[in-house]
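# Fold and contact review
Here's the letter readout for the chains.
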Amino acid sequence: MRIPVLGALLLCALVPPAQAQQPRELRLITDRTDQGVLRPMLDAFEARSGAKVNAVFMDQGLVNRLESRPTEADVVITKDAELLEIAAQKGLLTAFNSKAIVEGIPAEFRDPGNRYFVDAYRARVIYYAKARVQPGELSSYENLADPKWKGRICIRPGSHDYNLALFGQFMVSYGEAKAKAIMAGLSSNLARTPKGNDREQAKGIFEGKCDVALMNTYYHALMANTPEQKPWADATAVFYPDQAGKGAFIMRSAIGMTKADGNRDLAQQFLEWVASVEGQEAMVRGTRQFSPRPDVGIHPLLTQLGAEQGLKGGRFKMNFVPLAPLAGQREAVLKHVADIGFDKER
């Protein structure tokens with residue numbers, strides 16, 4: 001009886017338990033609402049690493065979620081990098097220790113404490129009706145506050161993260177008085193109640209409800225590749241504001257590690273992949289944004305944006321506002337949006 005028992009023991013030692021054969025799991029939380037944008041990247045990382053990515057997608061309240069559940073996820077990705085700056089200031093993120101990230105992502109796109117980095121960016125620009133507006137009529141964000149645009153502007157709610165980030169950059173770059181004047185002028189010139197997402201504004205231009213809108217660059221490419229929305233893209237062109245001045249403002253998305261410590265090596269591995277040339281090329285393909293890496297090219301559908309105003313290859317002058325002072329403006333901007341009734345019914 002001893003031989004069979006010994007053989008059974010050896011067999012048990014050689015065959016790992018079922019639990020050990022399960023792939024490691026990376027827990028991710030993000031406020032990106034379109035799962036299809038990130039899913040190809042997550043699938044690529046799973047194939048590369050052998051790990052399983054379990055992602056939670058939510059629309060609002062990302063920082064509050066991190067505060068209430070600080071170790072729920074290993075990695076956090078946000079469409080608005082300002083939120084990760086706020087999270088970092090609240091002590092909700094863990095610094096990465098990676099030569100690959102530091103060497104791959106330029107310093108201006110990394111948190112000085114290495115608690116997060118910008119994984120992509122897009123410009124918030126002026127879309128205009130090609131049939132009713134000439135690019136020579138446009139110049140700057142401030143110009144949209146001119147009475148000549150009264151009843152001609154569409155925009156999503158001023159209280160949305162995208163516009164809070166834009167208005168916050170107004171505050172930092174232009175100063176409070178000028179920023180508030182631009183916001184008030186925009187509000188006075190709106191054609192309708194701020195509503196919907198950015199694509200809704202392009203639809204408004206197509207339907208003749210307005211002539212110009214403030215939107216992110218990548219929506220033009222996304223609409224052009226969506227059959228039912230292609231007419232909206234065809235009806236609009238993109239103008240990069242302030243190219244003779246400070247430049248256009250950018251919206252940044254970002255990625256960081258949470259305070260969870262049980263899976264930190266895999267979390268950093270994921271961050272390093274996102275920062276790599278391969279990961280950044282996947283990000284550009286999936287999101288139609290610009291990469292912070294200078295060695296990663298522009299998406300082909302973005303290279304013609306701004307051509308009507310003389311830009312070449314999709315390159316534009318940006319007004320770069322650091323995230324730390326921007327995060328400090330958020331509450332003041334939100335209060336001013338409410339004070340002037342930016343989102344009121346029209």
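Let me sum up the structure you'll find in this document. (Residues numbered from 1 in each chain as written. Predicted model: local features only at pLDDT ≥ 70, side-chain atom pairs only at ≥ 80, totals over all residues. Heavy atoms only, no water.)

Reported here for the second largest pocket is a volume of approximately 270 Å³. Contributing to the lining of the second largest pocket are 16 residues, with V63, N64, L83, I86 and R330 lying nearest its centre. For the lining of the second largest pocket, the secondary structure elements donating two or more residues are helix 4 (62-68), helix 5 (81-89), helix 7 (161-174) and helix 15 (330-339). In terms of residue count, the dominant contributor to the lining of the second largest pocket is helix 4 (four residues). (1 Å grid on protein atoms, 1.4 Å probe; cavity = no way out; pocket = protein on both sides within 12 Å on 5 of 7 lines; lining within 4 Å. Points joined across faces, edges and corners; volume = space filled by probe spheres on them. Helix = DSSP H or I, 4+ residues; strand = E, 2+ residues; numbered from the N terminus.)

What follows is about the side chain of T30. Along the chain, the position of T30 falls in strand 1 (residues 25-30). On the accessibility criterion, T30 (0% relative accessible area) is buried. At a separation of 2.9 Å, a polar atom in the side chain of T30 contacts the main-chain carbonyl oxygen of I77. Once you skip the residues sitting within four places of it in the chain, T30 turns out to touch L38, V56, F57, M58, L62 and I77. (Buried < 20%, exposed > 50% of the residue type's maximum accessible area, 1.4 Å probe, protein only. Polar contact = N/O pair within 3.5 Å; in protein donor to acceptor, adjacent residues only side chain to side chain. Contact = heavy atoms within 4.5 Å.)

What follows is about helix 12 (residues 264-275). Taking 1.5 Å of rise per residue, the 12 residues of helix 12 would be expected to cover 16 Å, and the 16 Å separating its terminal C-alpha atoms lies within 8% of that figure. Residues of helix 12 that are buried: L266, A267, Q268, F270, L271, W273, V274 and A275. (Expected span 1.5 Å × (residues − 1).)

Here the focus is the pattern of salt bridges. Following the criterion strictly, the structure yields 24 salt bridges and no others. When the shortest N-O distance is used, the salt bridge between R27 and D74 registers 3.0 Å. Here R27 is found in strand 1, whereas its partner D74 is found in the loop between helix 4 and strand 3 (75-78), with 47 residues between them in sequence. Residue classification places D74 among the buried positions, given a relative accessible area of 2%. For K52, the salt bridge goes to E46, with nearest N and O atoms at 3.9 Å. Taking relative accessible area as the criterion, E46 reaches 17% and is therefore assigned buried. (Salt bridge = Lys/Arg side-chain N within 4 Å of Asp/Glu carboxyl O.)

Note on aromatic pairs: each is described by the distance of the centres and the angle between the planes. Counted according to the given criterion, the structure contains 16 aromatic pairs. Ring geometry for F45 and F270: centres 4.9 Å apart, planes at 80 degrees, overall edge-to-face. Of this pair, F45 sits in helix 3 (residues 35-49) while F270 sits in helix 12, and the two are 225 residues apart along the sequence. Given the relative accessible area of 1%, F45 is considered buried. What makes F270 buried here is its relative accessible area of 1%. An aromatic cluster of at least three residues, connected via ring pairs, comprises F109, Y121, Y240, F290, F316 and F320. Here the basic side chain of K178 rests over the ring of Y174, its NZ or CZ set 4.7 Å away from the ring centre. Cation over ring: R252 sits above F320, and NZ or CZ is 5.1 Å from the ring centre. (Phe/Tyr/Trp six-rings, centres within 6.5 Å; stacked < 30°, edge-to-face > 60°. Lys NZ or Arg CZ within 6 Å of the ring centre and 35° of its normal.)

Moving on to empty space enclosed by the protein. Scanning all chains against the criterion turns up one cavity of 30 Å³ or more. There is about 60 Å³ of room inside the largest cavity. Lining of the largest cavity is provided by 13 residues; of these, D80, A165, I250, M251 and R252 occupy positions nearest its centre. Of all elements in the fold, only helix 5, helix 7, strand 8 (250-257) and helix 14 (323-327) reach the threshold of two or more residues within the lining of the largest cavity.

Remark: helix 12 packs on helix 13 (residues 277-287), axes separated minimally by 4 Å, with the N-to-C direction vectors making an angle of 70 degrees. In terms of axis orientation, helix 12 runs roughly perpendicular to helix 13. Contact residues: helix 12 offers W273, V274 and A275, while helix 13 offers V277, E278, G279, Q280, A282 and M283. Among the residues forming the contact of helix 12 with helix 13, the class breakdown is six nonpolar, two polar and one charged. (Axes fitted to C-alpha atoms, helices over the stretch in contact; angles between N-to-C directions. Parallel < 35°, antiparallel > 145°, perpendicular 65-115°, else oblique. Nonpolar A, V, L, I, M, F, W, Y, C, P; charged D, E, K, R; others polar.)

What follows deals with the state of the cysteines. Joining two cysteines, a disulfide is a covalent bond between their sulfur atoms. Evaluation of the coordinates by the stated rule reveals one disulfide. A sulfur-sulfur distance of 2.1 Å marks the disulfide that ties C154 to C210. Because the sign of the S-S torsion sets the handedness, a value of about -110 degrees for the bond joining C154 and C210 places this disulfide among the left-handed ones. Highlighted residues: C154 in strand 5 (residues 153-154) and C210 in the loop between helix 9 (198-206) and strand 6 (212-216), separated in sequence by 56 residues. (Disulfide = S-S within 2.5 Å.)

We now examine the pairing of strand 6. On a regular strand, each side chain points to the face opposite its neighbour's, so the side chains alternate between the two faces of the sheet. Burial within strand 6 is extensive, with five of its five residues counted as buried. Pairing geometry for strand 4 (residues 116-129) and strand 6, over five bridges, is antiparallel. By the bridge assignment for strand 6, I126 is matched with L214. As defined by bridge partners, strand 5 adjoins strand 6 across two bridges and the pair is classed as parallel. Considered in strand 6, the bridge of I153 is made with V212. (Pairing = 2+ DSSP bridges.)

Counting 109 residues, the largest nonpolar core has F170, Y240 and F270 as the members making the most contacts within it. The greatest single-element share of this core, amounting to 11 residues, is contributed by strand 4. Beyond its immediate sequence surroundings of up to four residues, F170 is in contact with Y141, G175, A179, I182, M183, L186 and F249. (Core = buried A, V, L, I, M, F, W, Y, C linked by side-chain atoms within 4.5 Å.)

Shape is all these values report; function is a separate question.
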